[in-house]
Amino acid sequence: MSASNLTLNLVEGSVSFSFSPQAAQELKVALDQLMNSLKAVATKTSSGSNKVIPQRPIEYRYTGEVFLEIFCNPNIWATPFAAKVLLTVRDDRIRLSTEAELTRVIEDVNFYLEQAG
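The following paragraphs examine the structure supplied in this document. Predicted model, so just to flag it, every value in this text is computed and none were measured. (Residues numbered from 1 in each chain as written. Predicted model: local features only at pLDDT ≥ 70, side-chain atom pairs only at ≥ 80, totals over all residues. Heavy atoms only, no water.)

**As for the pairing of strand β6 (residues 95-101)**
Right, on to step 1. Summarising the sheet, strand β5 (residues 84-90) and β6 pair through 7 bridges and their orientation is antiparallel. In the sheet register, T88 faces β6, and the bridge partner there is S97.
Right, on to step 2. Taking the residues that link successive antiparallel strands as the turn, the β5-β6 hairpin has 4 residues. (Pairing = 2+ DSSP bridges. Helix = DSSP H or I, 4+ residues; strand = E, 2+ residues; numbered from the N terminus.)

Structure below.
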């Protein structure tokens, strides 16, 4: 499978870079795990349970034509829909570090995978 461009929509603007379908599938798995962690935190918080089990942060890294890192601590967000991720995209000439809405990143990765077939 050849790489094509993945576009991630940010709060303001977007970033597009070469990304393989296999890497997108791995990113999707990491994002699914993050959503499960966020749901676990939200369920414990809403049920009024005093025993909230801290969830591990996710840190996804990909190295190809660019380096991509996505980080999120699920323990600081009230719901999965409020969650944001820290996103870093860099190569030898430029580095972009910003926040992105988790739900939007998930939509962008799913759209990319649909287009990749």
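Read on for the rest.
**Notes on the pattern of salt bridges**
Right, on to step 1. One pass over the structure, following the stated rule, counts 7 salt bridges.
Right, on to step 2. Note that K28 and D32 form a salt bridge whose closest N and O atoms lie 3.6 Å from each other. Of this pair, K28 and D32 both sit in helix α1 (residues 21-46), 4 residues apart, which is roughly one turn of the helix.
Right, on to step 3. Overall, K28 belongs to the partly exposed group, its relative accessible area being 25%.
Right, on to step 4. In this structure, E107 engages R104 in a salt bridge whose closest nitrogen and oxygen atoms are separated by 3.7 Å. One end of the pair is E107 and the other is R104, both in helix α2 (residues 102-116) and 3 residues apart, which spans about a single turn.
Right, on to step 5. Since its relative accessible area comes to 45%, E107 is described here as partly exposed. (Salt bridge = Lys/Arg side-chain N within 4 Å of Asp/Glu carboxyl O. Buried < 20%, exposed > 50% of the residue type's maximum accessible area, 1.4 Å probe, protein only.)

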